[in-house]
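Here is what each chain is made of, one letter per residue.
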Amino acid sequence: MNEFLLIYRREADFDTQFTAEQLKEISKPWMDWMGGLAAQSILADRGNRLDSAGKVVKPNNVVTNGAYVEIKELIGGYSIIKAASLDEAAEIAKGCPILAVGGNVEVREILQM
Amino acid sequence: MQNNKLISNLFRTEHRKVTAVLARVFGFEHIQIAEDIVSDTFLLATEKWGQNKLPDNPTAWLYTVAKNKAKDHLKRNTIFTQKVSAAIMAESSLSEEVEIDLSEKNINDSQLQMMFAICQPVIPAEAQIGLALRILCGFGIDEIADAFLSNKETINKRLLRAKEKLRQHKVKIEFPDTHEINKRLETVLLTLYLLFNEGYYSVSSNTNLRKDLCLEAMRLTYLLIENKATDLPVVNALFSLMCFHASRFEARIDKNGEMILYDEQDSCLWNDELIVKGTNYLIRASRGDQVTRYHLEAAIAYWHTIKTDSAEKWENVLQLYNKLLILEYSPMAALNRTYALAKAGGKEKAIIEAEKLTQLTGNHLYHSLLGYLYSGVANEKALQHLQTALKLAKSKGEKNRIAKNIKKLNTLKK
């Protein structure tokens, strides 16, 4: 089994203010998805969510606001899963709830040092 | 006859107290001497009390005899006088003789310190539980063998090896430093948790013994709660979990010693007092923001004390299992999560998730679960899974239960 990083991306202006009730509604599919991965014993690291604020540091002391580089897409969070191959990891990522809100998942194999 | 019963009860409760106190005096270096003194004391009691009348205060009698034997030994043994006693005397500022303190406070302190001394990652969990049963709970080797479905020789060897290991690692019988408590407590709690589970889920047919294991685990956990330094949320969570589980003692095992599944239990037999107790300790466990597996398992057990099925109940149980699994995977949690999903979101959803649990295909409980999920959805498939479960199941009780479900499904199909 190898480890794969799942990078969750979505629209940059997605993260607006939510009520507690809405947050609960958003968190349920995520908890079910993570719980499902954990039940298969393939969740290596639940990872974290990332705040939408960020800065990009470039050469020559250039620092820009915004966590995104070019496109209006933001990394919302990441997890690490275990899978036999990149194809299998991608198949697993099809269940991610970010797809239901127009986001996407980037799947990358982690190469051990 | 009555004397025998009294002696065996006293043996359990007093044996562990005297052992803990003496073991602290002698240290793991010479724990065998402590154990021998205790054995001699009880042997003498059995002989004397068998022939004559019981002394007015049997406990005091035991303490006096044990104390004298210990003191005699300390005086007699030259190695001891030179090595160990010198150190003890220096510490205790008693120049004349060593004090063997069998007061309630010192007994409790000694037991707590012993608990920390035994629960060490350097010895395997099984051996920790064995030593806890022997030294902290006063169980006989034959009883420990019965609980582990093993034999006396194996258990004796296991305990000897473990004690040797503790000696090699120079484990001291003392209370850990304040900053170390949390880390050390982790191992202690895991051992108590496993000790409880050994009784609760054991396949041993000795129902009374199994219950005793659970009660001992609860007693030791409570000892930690009574001590200020270890009265932490996580300890309260574990105790709460044990109370909730223990509340179903009478309901979960039938007259023949066979398990009764949760769904089929007579909830009138649930112990309300223990449920209330579990709830109170769960509230005490909620101080602070630490959420451990014991918190989550206690919360799951809490929801199971509510007999009425509701979407709310099972949705809560599902989310708790999600959190538990994310924290730490276990096959049982994976299966129970899928069951909760079926109850909260319907069997179709649960089947999709269950089919993904390919790591469990060798587990009879996995096939029992699929048998349940496919019942009424695709009965032929349900039957296949139940038959696989029947083949994989080991205990007679489980085989009977699966066979019963197969029969039920067959009648439905007709």
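On to the overall build of chain A. The helix and strand tally for chain A stands at two helices and six strands. Reading chain A from its N terminus to its C terminus gives the helix and strand order β-α-β-β-β-β-α-β. Counting only C-alpha atoms and orienting by the principal axes, one finds that chain A spans roughly 45 × 45 × 20 Å. Counting over 113 residues, chain A shows a buried share of 32%. Long-range pairs, those at least 24 residues apart, make up 75% of the contacts in chain A between residues at least 6 apart in sequence. For chain A, the distance from the average site of its 12 positive side-chain charges to the average site of its 16 negative ones is 4 Å.

The next thing to look at is the confidence of the model for chain A. With 91% of its residues at a pLDDT of 70 or more, chain A shows a mean pLDDT of 88. The lowest-confidence element of chain A is strand β4 (residues 62–65) of chain A, averaging 85 in pLDDT; the highest-confidence one is helix α2 (residues 86–93) of chain A, averaging 97.

All right, on to the sheet that holds strand β5 (residues 73–83) of chain A then. All names here are of chain A. If you trace the four strands from one edge of the open sheet to the other, you get β2-β5-β1-β6, paired in antiparallel fashion. Of all strands in the sheet, those bounded by a partner on one side alone are β2 (43–49) and β6 (104–109). If you compare each strand with its neighbour and ignore which way they point, the axes differ by 20° on average. Two elements, strand β1 (residues 2–11) and β5, share 10 bridges in a ladder whose sense is antiparallel. Bridged to Leu5 within β5 is Ile80. Contacts from α2 reach β1, β5 and β6 within the one sheet, and its direction differs from that of β5 by about 120°.

Turning to the pairing of β1 of chain A, a few remarks are in order. Where β1 of chain A lies against β6 of chain A, six bridges are found, and the strand directions are antiparallel. By the bridge assignment, Phe4 of chain A is partnered in β6 of chain A with Glu109 of chain A.

The subject of this paragraph is the interface of chain B and chain A. It is common to give the size of an interface as the accessible area lost on bringing the parts into contact. Taken together, the contact between chain B and chain A spans 14 residues of the former and 12 residues of the latter. Counting the surface lost from both chain B and chain A, the interface buries some 1,100 Å², and carbon and sulfur atoms represent 62% of this. Summed over the shared surface of chain B and chain A, the number is one salt bridge. Taken together, chain B and chain A are joined by six residue pairs in polar contact (both at pLDDT 80 or more). Elements with a contribution of two residues or more to the side of chain B that touches chain A: α15 (311–327) and α16 (331–345) of chain B. Ranked by residues supplied to the side of chain B that touches chain A, first place goes to α15 of chain B with seven residues. Of the residues in the side of chain B that touches chain A, the class split is six nonpolar, three polar and five charged.

Okay, the domain arrangement of chain B next. Residue and element names in this part refer to chain B. Along its sequence, chain B is organised into domain 1 (1–102) and domain 2 (103–194). Facing 19 residues of domain 1, the contacting portion of domain 2 comprises 22 residues. Across the domain 1-domain 2 interface, the total number found is two salt bridges. Put simply, Glu35 and Lys163 hold a salt bridge, and the shortest N to O gap is 2.5 Å. On the surface where domain 1 and domain 2 come into contact, there are six residue pairs in polar contact (both at pLDDT 80 or more). Among the secondary structure elements, those contributing two or more residues to the side of domain 1 that touches domain 2 are α1 (2–26) and α2 (31–51). If you tally residues by element for the side of domain 1 that touches domain 2, the top one is α1, at 10 residues.

All names here are of chain A. Counted according to the given criterion, the structure contains 24 salt bridges over all chains. The salt bridge involving Arg108 is made with Glu106; its shortest N-O contact spans 2.9 Å. The class for Glu106 is partly exposed, based on a relative accessible area of 22%. What emerges from the salt-bridge pattern is a single network uniting Arg9, Glu106 and Arg108.

Turning next to the packing of aromatic side chains. All names here are of chain B. Within the structure shown, the criterion is met by 15 aromatic pairs over all chains. Cluster of aromatic residues (ring-pair linked, three or more members): Phe196, Tyr200, Tyr201 and Phe249. The ring centre of Phe148 lies 5.0 Å from the NZ or CZ of Arg158, which sits over that ring. The ring of Trp270 carries the charged tip of Arg248 above its face, separated from the ring centre by 5.9 Å.

With that settled, consider the environment of Thr279 of chain B. Residue and element names in this part refer to chain B. By secondary structure assignment, the location of Thr279 is in helix α13 (residues 272–285). Separated by 22 residues in sequence, Thr279 and Ala301 have C-alpha atoms that sit 10.0 Å apart. Apart from residues no more than four positions distant in its own chain, Thr279 is found in contact with Phe244 and Tyr302.

Right, let's talk about the pairing of strand β3 (residues 55–58) of chain A for a bit. The sheet contact formed by β3 of chain A and β4 of chain A spans four bridges and is antiparallel. If you follow Val57 of chain A over to β4 of chain A, its bridge partner there is Val63 of chain A.

Residue and element names in this part refer to chain B. Counting residues in each nonpolar core, the largest one holds 71 residues, and the members touching the most others are Phe28, Met114, Met115, Leu133, Leu185 and Leu224. Top element by residues in this core is helix α11 (residues 233–246). It accounts for 10 residues. When residues of this core are assigned to domains, at least three map to each of domain 1 (1–102) and domain 2 (103–194). Leaving out residues up to four positions away in the same chain, Met114 has contacts with Ala23, Phe28, Ile31, Ile135, Leu136 and Ile173. Of all hydrophobic cores here, the second largest spans 57 residues; its members include Leu296, Leu318, Tyr339 and Leu369.

Reading the values: rules and limits
Residues numbered from 1 in each chain as written. Chains lettered and ligands numbered in written order. Predicted model: local features only at pLDDT ≥ 70, side-chain atom pairs only at ≥ 80, totals over all residues. Heavy atoms only, no water. Helix = DSSP H or I, 4+ residues; strand = E, 2+ residues; numbered from the N terminus. Buried < 20%, exposed > 50% of the residue type's maximum accessible area, 1.4 Å probe, protein only. Contact = heavy atoms within 4.5 Å. Lys, Arg positive; Asp, Glu negative; His and termini not counted. Charge placed at Lys NZ, Arg CZ, Asp CG, Glu CD. pLDDT = per-residue confidence, 0-100. Pairing = 2+ DSSP bridges. Axes fitted to C-alpha atoms, helices over the stretch in contact; angles between N-to-C directions. Buried area = accessible area lost by both parts, 1.4 Å probe. Salt bridge = Lys/Arg side-chain N within 4 Å of Asp/Glu carboxyl O. Polar contact = N/O pair within 3.5 Å; in protein donor to acceptor, adjacent residues only side chain to side chain. Nonpolar A, V, L, I, M, F, W, Y, C, P; charged D, E, K, R; others polar. Domains from an automatic or database assignment. Phe/Tyr/Trp six-rings, centres within 6.5 Å; stacked < 30°, edge-to-face > 60°. Lys NZ or Arg CZ within 6 Å of the ring centre and 35° of its normal. Core = buried A, V, L, I, M, F, W, Y, C linked by side-chain atoms within 4.5 Å.

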